[in-house]
Structure formats: structure tokens, C-alpha cells
Amino acid sequence: MKKTLLLFAFISFYFVQAQEIKWMSFDEAIALQKENPKPIFMDVYTDWCGPCKMLDKNTFQTKEVSEYINANYYAVKFNGEGNTTVNYKGRKFSNPGYDANRKGRNSMHEFTGFLKVEGYPSMYVLDKNGEIAKVIVGYYQPEQLLSELNGTN
């Protein structure tokens, strides 16, 4: 019985892991795009955003969405209030007002302002040249997101 449960746990763990999107930083995606042109799918989120968490749990974890994004895009996860540095089109973007000790909302990242993010979550598709091709704002169920992404790669 224990062996059966252990085997079931291992198989379940394997399939959950296999259904994850291979997220990377924006700078990593831009560098890879220069070597091998491929569109970028970028999820702009915040830590406090409920719909962002739902998107992670209910949409990005599905086999169909994760496989589609992994096969067709470089996937970027970008915290709109985070503390990373982003290099884009010869400019460097940061978050000078970021407070690591702050709970909840933080200051807006300069790149978030540059993108003109209207709300969270916002998903951006950048074409093979790194230009913004599509913006998708709000929570989307798996079928809705796949429909929106169809034809953007």
C-alpha cells in the first residue's frame, strides 16, 4: 500500500512539474531572442493581486496553456512593483522607490510605467523583434487565453 501511494505521489509530482511554464527574466528572454528569434509572452503581476494568483493557479498550470506558451514563446514573469533591473531598447529601468520591508503594495517599477500597464494582471506579447504586438489585461481562463494567443506567434 505504501509503495502504491509513493508511486502515485511521484507520478502526480512529475505531471504537475511537467505542466509548468518555463519562466525567465525579461533580460534573459531578450538575449535568447537575439540568438533564436521567438516571440515573448510576459505576465506582469504584483504580489497582492488576487486575479494574478488565480491566473497562476487556474490558467498557467493547465497542460494546454503551459505547453502552448513553452512551445511558442520565451515566457517572462515580471513583478510590476518588483526590484529587478530591466534593459529594453537601450534604456535601463528599475524601481528606485522599492521598499523590501513594505507589506502589500510597493512603488511602481519604471518598466511598468513605460509599458503603460492599465491593471493587473496584464500579459504582453512581444514579436520576434521585441516590439509589443498585443496586450491582454485581466484574468483569463485557459480557453480564453489560448484563443487570444492564437495567431500571435
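Residues numbered from 1 in each chain as written. Predicted model: local features only at pLDDT ≥ 70, side-chain atom pairs only at ≥ 80, totals over all residues. Heavy atoms only, no water.

Caption draft 1: Layout of the state of the cysteines. On inspection of all chains with the given rule, the structure shows 1 disulfide. Cys49 shares a disulfide with Cys52; S-S distance 2.3 Å. Every disulfide takes its handedness from the sign of the S-S torsion; for Cys49 and Cys52 that torsion is 85°, giving right-handed. For the pair Cys49 and Cys52, one class covers both residues: buried. (Disulfide = S-S within 2.5 Å. Buried < 20%, exposed > 50% of the residue type's maximum accessible area, 1.4 Å probe, protein only.)

Caption draft 2: Fine view of helix α3 (residues 50–60). Buried residues of α3: Cys52, Leu55, Thr59 and Phe60, and no others. Buried residues in α3, looked at end-on, bunch into an arc of 75°, giving them a common side. The elements touched by buried residues of α3 are β1 (23–24), β2 (40–45), α4 (63–72), β3 (74–79), β6 (122–126) and α6 (142–149). (Helix = DSSP H or I, 4+ residues; strand = E, 2+ residues; numbered from the N terminus. Arc of directions from axis to C-beta. Contact = heavy atoms within 4.5 Å.)

Caption draft 3: Structural detail: helix α2 (residues 26–35). Taken as a whole, α2 has its buried residues at Phe26, Ala29, Ile30 and Gln33. The buried side chains of α2 occupy one side of the element, clustering within an arc of 100° when seen end-on. In this structure, α2 carries Lys34 and Glu35 as exposed residues pointing more than 90 degrees from its buried face.

Caption draft 4: Broad picture of the environment of Ala29. Within the secondary structure layout, Ala29 lies in helix α2. Note on Ala29: relative accessible area 0%, which makes it buried. In sequence terms Ala29 and Tyr73 are 44 residues apart; their C-alpha atoms lie 9.2 Å from each other. Contact partners of Ala29, with chain neighbours within four places excluded, come to Met24, Ile40, Tyr74 and Val76.

Caption draft 5: Just the packing of α4 against α6, in detail. Between α4 and α6, whose axes approach to 9 Å, the crossing angle comes to 25°. Between α4 and α6, the angle is such that the two are roughly parallel. The element α4 and its partner α6 pack so that their crossing is left-handed. From α4, Glu64, Val65, Tyr68 and Ile69 reach across to α6, where they touch Pro142, Leu145, Leu146 and Leu149. Within the contact of α4 with α6, the residues separate by chemical class into 7 nonpolar, no polar and 1 charged. (Axes fitted to C-alpha atoms, helices over the stretch in contact; angles between N-to-C directions. Parallel < 35°, antiparallel > 145°, perpendicular 65-115°, else oblique. Left-handed = near helix turned anticlockwise from the far one by under 90°. Nonpolar A, V, L, I, M, F, W, Y, C, P; charged D, E, K, R; others polar.)

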